[in-house]
Amino acid sequence: MKRISFCGLAVAVQTLASAALAQGVSGNTFNPALSVILDGKYAHFSQDPAQYGVAGFLLSEEAGLPPQGLSLGESEVVASANVDDRFYGQITLALEASDAGTEIGVEEAFVQTTALPAGFILKFGRFFSDIGYLNSKHAHSWDFVDQPLVYKAMLGGQFGDDGAQARWVAPAELLVEVGAEAFRGAQFPAAGATHGGVGVWSAFAHVGGDSGAASSWRAGVAYLHADAAGRESIIANGDVATFTGGAKYWLADFVWKWAERGNPKTRHLIVQGEYLRRRETGEVVDVNVDYATTTFPPPFVAPEFSYRGEQSGFYLQSVYQFMPRWRLGVRFDRLSADNRGPSLGVITPLNEKHDPSRMTAMLDFANSEFSRLRLQWTQDKSQPRSDTQIIVQYLMSVGAHGAHQF
Amino acid sequence: MKFVVSLLLALHIAAPAAHASLRVFACEPEWAALAKEIGGDRVETVSATTPDQDAHYIQARPSLIAQVRRADLVFCTGADLEVGWLPVLLRQAGNGKVQPGQLGFLDASSAVKLLEAPTSVDRAQGDVHPFGNPHIQTDPRNIALVAAALAERLQKLDPINANSYAQRAVEFKARWSQALARWTEQTKPLKGVSIVTHHRSFIYLENWLGVEDAGNLEPKPGIEPTAGHLAELTEQVRAKKVQAIVRSSYHDARASEWLAGRTGVQAIVLPHTVGSVPEADTLEHMFDAIIARLLAAQAQARGRP
């Protein structure tokens, strides 16, 4: 994601904040709705989080674990408003504090139409793709501290980039929507903005409705094609491996929500799952290896770097609010990879024969809809050595009342 | 197979019912009922919420997006009551006709004077609404004001049937004035009486009847009752001679029943919308039911030593 200087952002936030203050209680709606998400954690890992990896997958730098101990998560600043009678605009800035300093990411910055005829909606700018169920959701609305393993391993957490989207909502009893997107191709799983800066395209379809007054559901399918030129991943020995080639994704997702008498305030159950399948074909090179002078054991033949990966995975999770404000959740993740290629002998984790899996349980408490405290326990077998992870998290939002998608 | 059939049926571009020419998406059942009163069979109405749901906390469900997509009029309370879900529906549905500022969007609260507009807004006070308390529908005088605004809007949206809407609005107004006179007479004994309510959702009713609000079960708006707060309230209920502990049908009964058990004051459900209790099947019957239940609680309180 693009970084801008901290000073510039501070000024921008201050301007927005004073604009929000100036509106007073009369609610001058010309000013954007402004909200800030505060997120922090305490994390304990039985393995060194710096050595984190997922067997069989080249990861994005965004897919790592939070640091051991106390740390600040991603603080988000969101401003949104109708631009005029035909456009809506929104920006989400993510402030991430690390030992290296503070980084500002433009997580989303898009405009979308509100007044096109016949159920069409266009969106431009930087945004999270609408593939899958969880991909477009911001971190603060996730039901667990972290993303499902399939998202971490194959989409770098969640896929968003500079692009354009067209969507059509059918005039039907059920929700039926279809859409297509094109992206620059600068973000994982793409890289290098190939094809003149249109390196990724996708298509998706969603169907959803109610079953009775108490429950509702949504199901979706999606396809995404990403081309990468020199996509970098840090591999097990600390070297950087680059991938150049194409990746095809097939996704299927469903979510079912139940609430006692249709009122999610008391008892509420969510069951959701997603399946992702990916085929990556191209070349993988360890850039720290001097292939001309190093000899490798067979079957490696330099300079043959071709690689073909058939990878798939799913997660299944359920969150139950058993009394007002208290929720209990469980999640199961599983991945598998069948990677082939003559150069894989030097690329761990691509050559690891291990099917990653993970089991997670969480308990959270929301004092109001603006504050949430969470305890999460995970047995992570992303690598052959199992990692026990315990994370305590707070998530709070201040400012305008956000509206969340289903 | 069954799923495929229902999917195909759903995909079939739904034509409006035989005579209805406008499709009204109401956020709450009281506005769906009012749209039916003024629109008659010229309108087809759906309500986004049921009486068992708290309109503050609704999910932007796929079925609601589908309903907004096909609506000619989105008719909601406004005043930020639906701020947690309506903006998402409007953005996702791809229906330009019903966006705020268009003829196809009407917020009822714009037709009435809001009470309790805070002089400062701080979430430490709970989930306060910067524009004022949005639960306007429990004062029948507000219903009359909103009915007039709705009638005007329906006439603009559907000029062919304008006469029908105008005529129905006149009839409704006459019927409502009569009912209002009856209610005013019936509720005279309630003037000055104290009640406590679960959420501050009956302040317009209290304001209309001259009933005193002696406290709320929620320590702050939107914050669930706590044991400590209920214990404090017990004293207040005794000191102020409270005659009823009032909740809406979507509130958890445990807090008000607990307080009733401790104080001997009756806990009652007052319909906050049409359909909230069985006898509140129309707007007029909703007020009949509110009054009957309050008078019954008062009679019972008088019978207590």
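Residues numbered from 1 in each chain as written. Chains lettered and ligands numbered in written order. Predicted model: local features only at pLDDT ≥ 70, side-chain atom pairs only at ≥ 80, totals over all residues.

### Details of the overall build of chain B
Helix and strand counts for chain B come out as 10 helices and 8 strands. Dimensions of chain B, computed from the C-alpha atoms along their principal axes, are close to 65 × 45 × 45 Å. The buried share of chain B, taken over its 305 residues, is 53%. Residue pairs at least 24 apart in sequence account for 62% of intrachain contacts in chain B once pairs closer than 6 positions are excluded. (Helix = DSSP H or I, 4+ residues; strand = E, 2+ residues; numbered from the N terminus. Buried ≥ 20, exposed ≤ 12 C-beta atoms within 10 Å, placed from the backbone. Contact = placed C-beta atoms within 7 Å.)

### Notes on the packing of helix H5 (residues 140-157) of chain B against helix H6 (residues 162-186) of chain B
Residues and elements named next belong to chain B. At their nearest, the axes of H5 and H6 sit 9 Å apart, and the two run at 175° to each other. Taken together, the axes of H5 and H6 are roughly antiparallel relative to one another. Facing H5, whose interface residues are Pro 140, Ala 144, Ala 147, Ala 148, Ala 151, Leu 154 and Gln 155, H6 presents Ala 162, Tyr 165, Ala 166, Ala 169, Phe 172, Lys 173, Trp 176, Leu 180 and Trp 183. For the contact of H5 with H6, a count of residues per class yields 14 nonpolar, 1 polar and 1 charged. (Axes fitted to C-alpha atoms, helices over the stretch in contact; angles between N-to-C directions. Parallel < 35°, antiparallel > 145°, perpendicular 65-115°, else oblique. Nonpolar A, V, L, I, M, F, W, Y, C, P; charged D, E, K, R; others polar.)

### Focus: the environment of A:Pro356
All names here are of chain A. Note on placement: Pro 356 falls in the loop between strand S15 (326-340) and strand S16 (357-368). Separated by 250 residues in the primary sequence, Pro 356 and Val 106 place their C-alpha atoms 31 Å from one another. Discounting residues that sit within four places of it in the chain, Pro 356 has contacts with Val 54, Ala 55, Gly 56, Leu 149, Leu 335, Lys 381 and Ser 382.

### Section: the domain arrangement of chain B
Note on interface size: it is often stated as the accessible area lost on association of the parts. Residues and elements named next belong to chain B. Domain boundaries in chain B define domain 1 (14-182) and domain 2 (187-303). Between domain 1 and domain 2, the C-alpha centre-to-centre distance is 25 Å. Contacts between domain 1 and domain 2 engage 28 residues on the former and 23 residues on the latter. Of all elements in the fold, only helix H2 (29-39) and H5 reach the threshold of two or more residues within the side of domain 1 that touches domain 2. Within the side of domain 1 that touches domain 2, the residues separate by chemical class into 10 nonpolar, 9 polar and 9 charged. (Domains from an automatic or database assignment.)

### Examining the pairing of strand S13 (residues 268-286) of chain A
All names here are of chain A. One ladder, built from 19 bridges, connects strand S12 (residues 240-259) with S13; its direction is antiparallel. Looking across to S13, one finds that Tyr 249 is bridged to Arg 278. Taken together, the 16 bridges between S13 and strand S14 (residues 306-323) define a ladder with antiparallel strand orientation. For Arg 277, the partnering residue across the bridge sits in S14 and is Ser 312. (Pairing = 2+ DSSP bridges.)

### Some remarks on the sheet that holds strand S3 (residues 73-76) of chain B
All names here are of chain B. An order of S2-S1-S3-S4 is seen for the 4 strands of this open sheet, with the pairing classed as parallel. Here the strands that pair on one side only, and so sit at the sheet edges, are strand S2 (43-47) and strand S4 (105-107). Strand-to-strand, the axes of this sheet are offset by a mean angle of 20°, without reference to chain direction.

### So, the interface of chain B and chain A
Taken together, the contact pairs 45 residues of chain B with 43 residues of chain A. Where the side of chain B that touches chain A is concerned, the elements lending two or more residues are helix H1 (2-11), helix H3 (62-70) and helix H4 (86-92) of chain B. Among the elements that take part in the side of chain B that touches chain A, H3(B) stands out by supplying 6 residues, more than any other. Classifying every residue of the side of chain B that touches chain A gives 22 nonpolar, 12 polar and 11 charged.

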